[in-house]
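Reading the structure
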Amino acid sequence: MSSMKEGKVVLKAEDLDGYLDKSDQNDLDRIQDMYRETLAHFNPVNKDAIVKSFDEIGHAMQDICAKHPNIKVYSFVTEQGAHAEASRVIAKLRDVQTDHSEFLYYSQRAYEMLFRLAYIEKNTDKTGHIIVKTPVTDPVQNYAVHKIPDIDSKIENSVMCVMLRGALLPSMIVSKEIEEYSSTGYVTPFALFKINRDDSRHENDMQYILDLSKSYFNFDELDGKDLIFADPMNATGGSLVTVVKYLMQQGVRPKSIRFFNVISALKGSLRVTRALENCSCYTLWMDPVLNAKAYIMPGLGDAGDRLNGTDTKDMPRNIIQLIADYGADIAGLYRSQLRKIEQTVLGTM
């Protein structure tokens, strides 16, 4: 049975102060200075200077992340041959010419890559098998055997924690990957958190607002579990910190926290891994800085709108309407996940 709480939880920007130490701030200031110099090459565009500057920033961020083992950046920790795939996927997601259907496709690819990074890359010591029945029946019914890593112990204690709205489809993608790699077909429970930040404010006075009356979750399902959050963007880390700190205040003690992002700002990754115990941040690509409005630069725009489309002010969609707008293809592909979400929202079994 899902739990529905009343009221709102507000975390203010000053509540996030103190998680970053002096060394972190020095690193952030250095990257900020490097990016400020890079901006000078944008107008007029100096391609050679831009390439050189981003290369230097990338190496500097890689050195910084090497000091933080709970920050896993795909393009920093995988072999060189994998970097081209990540770079191409990110380039397509950033591109203003990428339409809605392409954005969905490349988002799916991004989260499949992140799943491999988190669960597959270094977990090949135990092997499982999938035996599948094929359409070939002559001369007898045929079967095929495929080896997969045995990662049941790492995934079958997981709960998908969704920070609506842009996080809904990414969370379904990760849950689907878990289902496919589980020997038992494990489908994660879902916990839905209606949280947003007040974008009329700047980073230094930002507020993160968790609306409990529009959130659906069960404390008992979360306690002692491996909590997974999948959000396309991690700018400040404020939304994740707000949700997890609230849960902990209510007595929930996660076994672990994994945060999956397509793009994360350096500051957001540093903050969440400093603020939350046993939290690992997996990101396909790291961007260097935030602007005054706390948007990631160079970023990719509003990932939620690019995934879901935009609402009208007068008629915002609820979660059921949002899922319906994904269409039959998404509904068919993620039917197990949608069933779990429906159970969570409607309180049915």
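The structure displayed is predicted, hence computed values, not measured ones. (Residues numbered from 1 in each chain as written. Predicted model: local features only at pLDDT ≥ 70, side-chain atom pairs only at ≥ 80, totals over all residues. Heavy atoms only, no water.)

The secondary structure content of the protein amounts to 15 helices and 13 strands. For 349 residues, the compact-globule formula gives about 20 Å, and the C-alpha radius of gyration of the protein, at 21 Å, lands near that figure. Oriented by its inertia axes, the alpha-carbon framework of the protein measures out at about 70 × 50 × 40 Å. Among the 349 residues that make up the protein, the fraction classed as buried is 51%. In the protein, of all internal contacts separated by at least 6 residues, the share reaching a separation of at least 24 is 72%. Accessible surface, the protein as shown: approximately 17,200 Å² in total, 49% of it carbon and sulfur. Mean positive and mean negative side-chain charge positions of the protein (41 and 48 charges, respectively) differ by 1 Å. (Helix = DSSP H or I, 4+ residues; strand = E, 2+ residues; numbered from the N terminus. Rg over C-alpha atoms; globule rule 2.2 N^0.38 Å. Buried < 20%, exposed > 50% of the residue type's maximum accessible area, 1.4 Å probe, protein only. Contact = heavy atoms within 4.5 Å. Areas by Shrake-Rupley, 256 points an atom, 1.4 Å probe, with all protein chains shown as cover. Lys, Arg positive; Asp, Glu negative; His and termini not counted. Charge placed at Lys NZ, Arg CZ, Asp CG, Glu CD.)

For the rest of this paragraph, the subject is the packing of helix α2 (residues 22–39) against helix α3 (residues 47–65). In contact at an axis separation of 10 Å, α2 and α3 are set at 170° when each is read in the N-to-C sense. When the axes of α2 and α3 are compared, the pair comes out roughly antiparallel. From α2, Asp-27, Arg-30, Ile-31, Met-34, Tyr-35 and Thr-38 reach across to α3, where they touch Ser-53, Phe-54, Glu-56, Ile-57, Ala-60, Met-61 and Ile-64. Here the residues of the contact of α2 with α3 are counted per class, giving eight nonpolar, two polar and three charged. (Axes fitted to C-alpha atoms, helices over the stretch in contact; angles between N-to-C directions. Parallel < 35°, antiparallel > 145°, perpendicular 65-115°, else oblique. Nonpolar A, V, L, I, M, F, W, Y, C, P; charged D, E, K, R; others polar.)

In this fold, Asp-287 is placed in strand β11 (residues 279–287). Apart from residues lying up to four places away in sequence, Asp-287 is in contact with Met-61, Arg-94, Ile-263, Ser-264, Ala-265, Leu-266, Ile-296, Met-297, Pro-298 and Gly-299.

Moving on, we come to the pattern of salt bridges. Applying the stated criterion to the full structure yields 15 salt bridges. Two residues, Asp-27 and Lys-67, come together in a salt bridge whose shortest N-O distance is 2.8 Å. Remark: Lys-67 occurs in the loop between α3 and β2 (71–73) and Asp-27 occurs in helix α2; sequence separation between them is 40 residues. Judged by its relative accessible area of 47%, Lys-67 is partly exposed. In this structure, Lys-92 and Glu-102 form a salt bridge, with 3.5 Å as the shortest nitrogen-oxygen distance. You can see Lys-92 sitting in helix α5 (residues 80–94) and its partner Glu-102 sitting in helix α6 (residues 100–120), a full ten residues away along the chain. Among the residues examined, Lys-92 registers a relative accessible area of 15% and is labelled buried. (Salt bridge = Lys/Arg side-chain N within 4 Å of Asp/Glu carboxyl O.)

Residues spaced three or four apart along an α-helix face the same direction, because each turn holds 3.6 residues. Here α5 spans 22 Å end to end across 15 residues, near enough to the 21 Å set by a 1.5 Å rise per residue. What α5 keeps buried is the set Ala-82, His-83, Ala-86, Val-89, Ile-90, Lys-92 and Leu-93. Of the surrounding secondary structure, the elements contacted by the buried residues of α5 are α4 (74–77), α6, β10 (256–265), β11 and α12 (303–308). (Expected span 1.5 Å × (residues − 1).)

Okay, the nonpolar core next. Counting 58 residues, the largest nonpolar core has Tyr-119, Leu-168, Leu-169, Met-172, Phe-260, Leu-284 and Ile-341 as the members making the most contacts within it. When residues in this core are grouped by element, the largest group, twelve residues, is from α6. In contact with Tyr-119, other than residues within four places in its own chain, are Ile-151, Lys-154, Ile-155, Ser-158, Ile-228, Arg-258 and Phe-260. Counting residues in hydrophobic clusters, the runner-up holds 33 residues, among them Phe-193, Phe-229, Val-241 and Val-252. (Core = buried A, V, L, I, M, F, W, Y, C linked by side-chain atoms within 4.5 Å.)

To continue, consider the pairing of β10. The element β10 is largely enclosed, with a buried count of ten among its ten residues. The pairing of strand β9 (residues 233–234) with β10 spans two bridges and is parallel. Counted as the bridge partner of Asn-234 is Ser-264 from β10. As for the winding sense of the linkage, the β-α-β connection from β9 through helix α10 (residues 238–249) to β10 is right-handed. Pairing analysis gives eight bridges linking β10 to β11, with the strands arranged parallel. Across the sheet, Asn-261 pairs through a bridge with Thr-283, a residue of β11. (Pairing = 2+ DSSP bridges. Right-handed = clockwise from strand over helix to strand, strands pointing away.)

The buried fraction of helix α11 (residues 266–275) amounts to nine of the ten residues, a majority that puts the element mostly inside the structure. Turning to α11, its buried residues are Leu-266, Lys-267, Gly-268, Ser-269, Leu-270, Arg-271, Val-272, Thr-273 and Ala-275.

On average, residues of the protein score 91 in pLDDT, and 97% of them reach the 70 mark or higher. Confidence scores differ between elements of the protein, with helix α13 (residues 319–326) showing the lowest mean pLDDT of 79 and strand β8 (residues 226–230) the highest of 98. (pLDDT = per-residue confidence, 0-100.)

On to a nonpolar patch on the surface. A cluster of nonpolar residues, Leu-39, Phe-42 and Phe-54, forms a patch on the protein surface that exposes about 220 Å² of accessible area. Looking at the secondary structure, you find Leu-39 in helix α2. In this structure Leu-39 comes out as partly exposed when scored by relative accessible area, which is 37%. (Patch = residues over 30% accessible without salt bridge, like charges linked within 9 Å, V, L, I, M, F, W, Y side chains within 5 Å.)

Most of strand β5 (residues 158–164) is tucked away: seven of the seven residues are buried. Of the two faces of β5, the one carrying Ser-158, Met-160, Val-162 and Leu-164 and the one carrying Val-159, Cys-161 and Met-163 are both buried. Of the pairings in the sheet, the one linking β5 to β8 comprises four bridges and is parallel in character. In the strand pairing of β8, Cys-161 is matched with Phe-229. With five bridges connecting them, β5 and strand β6 (residues 190–197) associate as parallel partners. Residue pairing across strands places Leu-164 opposite Lys-194, the latter belonging to β6.

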